[in-house]
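Chains, contacts and geometry: an overview
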Amino acid sequence: MARPINLCDYERLAPERLPALVYDYYAGGANDELTLAENLQAWGRWHLRPRILVDVADIDPHTTVLGHPLAMPVLTAPCAFNALAHPEGECAVARAATSAGIIQIVSTLSTQSLEEVAMAANGQRWFQLYCYRDRGVTRALVERAEAAGYTALCLTVDVPVAGQRERDIRNGFGLPAGMRCKNLTPVGLDQIELVADDSALQRYINELLDRHLTWESVAWLRSITRLQLLIKGILTGEDADLAIEHGVTGIIVSNHGGRQLDGVLSTCEVLPEVVETVAQRAEVLVDGGIRRGTDVLKALALGARAVLIGRPYLWGLAVEGEAGVRHVLELLHQEIVLAMALVGRPVVSAIDRTLLA
Ligand code: FNR
């Protein structure tokens, strides 16, 4: 294929660059992958109502999220094990995100340590937190993220237990020799070694993450950090309400890219309910199946402050390392600018519900 010209082109190229075990881990979802497919299709069910004869000579996709500037309303989602795509892993993503002027959210399960990623580029970054059963482990991660200059924590709440990712079970997914979850090296929990005919990641999650996690844990977390707190994985208005009661300033509507509970609604369909309940008391972000600039506009029109992209940057990383991630972000930027021009909304604040039919 010639040089990719959209995000899906990168996905089509990725299988040539990745071992099947890695490609399946990145691409796959839980069980029948119904939600995975829905996430992609649901954005396409909304249609756009363009305004005409609006001066679109200058298009400005800048915005802010929780007060942090963004060159466009996009962040990179926390995805584990970026080094499976490219040896420079999360550090390459850090450089690309910084040059694009956006925020990188670094996973607890990164293959380079959160300090190494922070050193790689001087942009803004947030830390995604998985809570370990041992609260001392969790607290140490939070303290390290604060010390390394991360400006917000995203607590992922949709993994009390691991989803049934059948591709990973069939492939016996685990990390190759020498690759570790480096954030957990100090506490000796950094290995996810291959096991025959089973997902070593699923075992790791089920053994080590805290399945007693409740709103009490959120209150505890709120009490031990001064960082801004977002919850990632909210899918109902009821839980959005509780999150706000617990001092959360950002809500990420997410179904983990269809990798946890198969059969949940697409995030596009859930978003309006959460936005309505939140009623401006917090900022709402969304991820899942965002592949086009028009998807970003639709998310904003439904009330999201910004979107996260997961798999597309992994495909860019797999195909061309840092340059690939940069190009993915450039392509999305170009598509957002083009879409804003064609719908006659030259600034982000002009994108509202009247854009959609
Ligand atoms: C993820 N996701 C994820 N989320 C999280 O909170 N912590 C993590 O470590 C991971 N790891 C991870 C690995 C891989 C390979 C994927 C594809 C996803 C979920 C991720 O943050 C995000 O919610 C989805 O990827 C968004 O959907 P799209 O953009 O991939 O369709």
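Look up: the structure comes first, before these words.
Report follows, based on the coordinates. No experiment lies behind these values; they were computed from the predicted model shown.

**Quick word on the site of the ligand**
Near the ligand lie 23 residues; those nearest to it are Pro78, Ser107, Thr156, Asp287 and Arg291. Here a nitrogen atom of the ligand sits 3.0 Å away from a polar atom, N or O, in the side chain of Lys232. Separating an oxygen atom of the ligand from a side-chain N or O atom of Arg311 is a distance of 2.9 Å. Computed on the free molecule, the ligand has an accessible area of 600 Å², of which 99% lies beneath the protein chains in the complex. Contributing elements (two or more residues each) for the shell around the ligand: helix H2 (20-27) and helix H13 (311-342).

**Some remarks on the nonpolar core**
Residues Phe81, Trp126 and Ile251 are the most contacted members of the largest nonpolar core, which totals 123 residues. Counting residues per element, this core draws most heavily on H13, at 14 residues. Setting aside its immediate chain neighbours within four residues, Phe81 contacts Tyr25, Tyr26, Glu90, Leu109, Ser110, Thr111, Phe173, Leu175, Cys181, Ile192 and Leu201.

**Looking at the sheet that holds strand E7 (residues 228-234)**
One closed barrel holds the eight strands; their spatial order is E3-E4-E5-E6-E7-E8-E9-E10, and the pairing between them is parallel. Each strand of the sheet is rotated relative to its neighbour by a mean of 25°, with strand direction disregarded. The pairing of strand E9 (residues 283-287) with strand E10 (residues 306-309) spans three bridges and is classified as parallel. Looking at E10, one finds that Val286 is bridged to Val307. Against the sheet, H13 engages strand E3 (74-76) and E10, with an angle of about 155° to E10.

**A closer look at unusual backbone geometry**
Peptide bonds are mostly trans, and most non-glycine residues show a negative phi. One non-glycine residue, Leu66, lies in the positive phi region at around 50°. Inspection of the secondary structure puts Leu66 in the loop between strand E1 (63-65) and strand E2 (68-70). Overall, the relative accessible area of 11% leaves Leu66 in the buried class. Of note in this structure, Phe81 is not a glycine but carries a positive phi near 55°. By relative accessible area, which is 0% here, Phe81 ends up buried.

**Description of helix H9 (residues 215-224)**
Of all the positions in H9, only Ser217, Val218, Trp220 and Leu221 are classed as buried. Buried positions in H9, seen along its axis, are confined to an arc of 160° and lie on one side of it. Elements in contact with the buried residues of H9: strand E5 (125-129), helix H6 (135-147), strand E6 (152-156) and E7.

Cut-offs applied
Residues numbered from 1 in each chain as written. Predicted model: local features only at pLDDT ≥ 70, side-chain atom pairs only at ≥ 80, totals over all residues. Heavy atoms only, no water. Near = heavy atom within 4 Å. Polar contact = N/O pair within 3.5 Å; in protein donor to acceptor, adjacent residues only side chain to side chain. Areas by Shrake-Rupley, 256 points an atom, 1.4 Å probe, with all protein chains shown as cover. Helix = DSSP H or I, 4+ residues; strand = E, 2+ residues; numbered from the N terminus. Core = buried A, V, L, I, M, F, W, Y, C linked by side-chain atoms within 4.5 Å. Buried < 20%, exposed > 50% of the residue type's maximum accessible area, 1.4 Å probe, protein only. Contact = heavy atoms within 4.5 Å. Pairing = 2+ DSSP bridges. Axes fitted to C-alpha atoms, helices over the stretch in contact; angles between N-to-C directions. Arc of directions from axis to C-beta.

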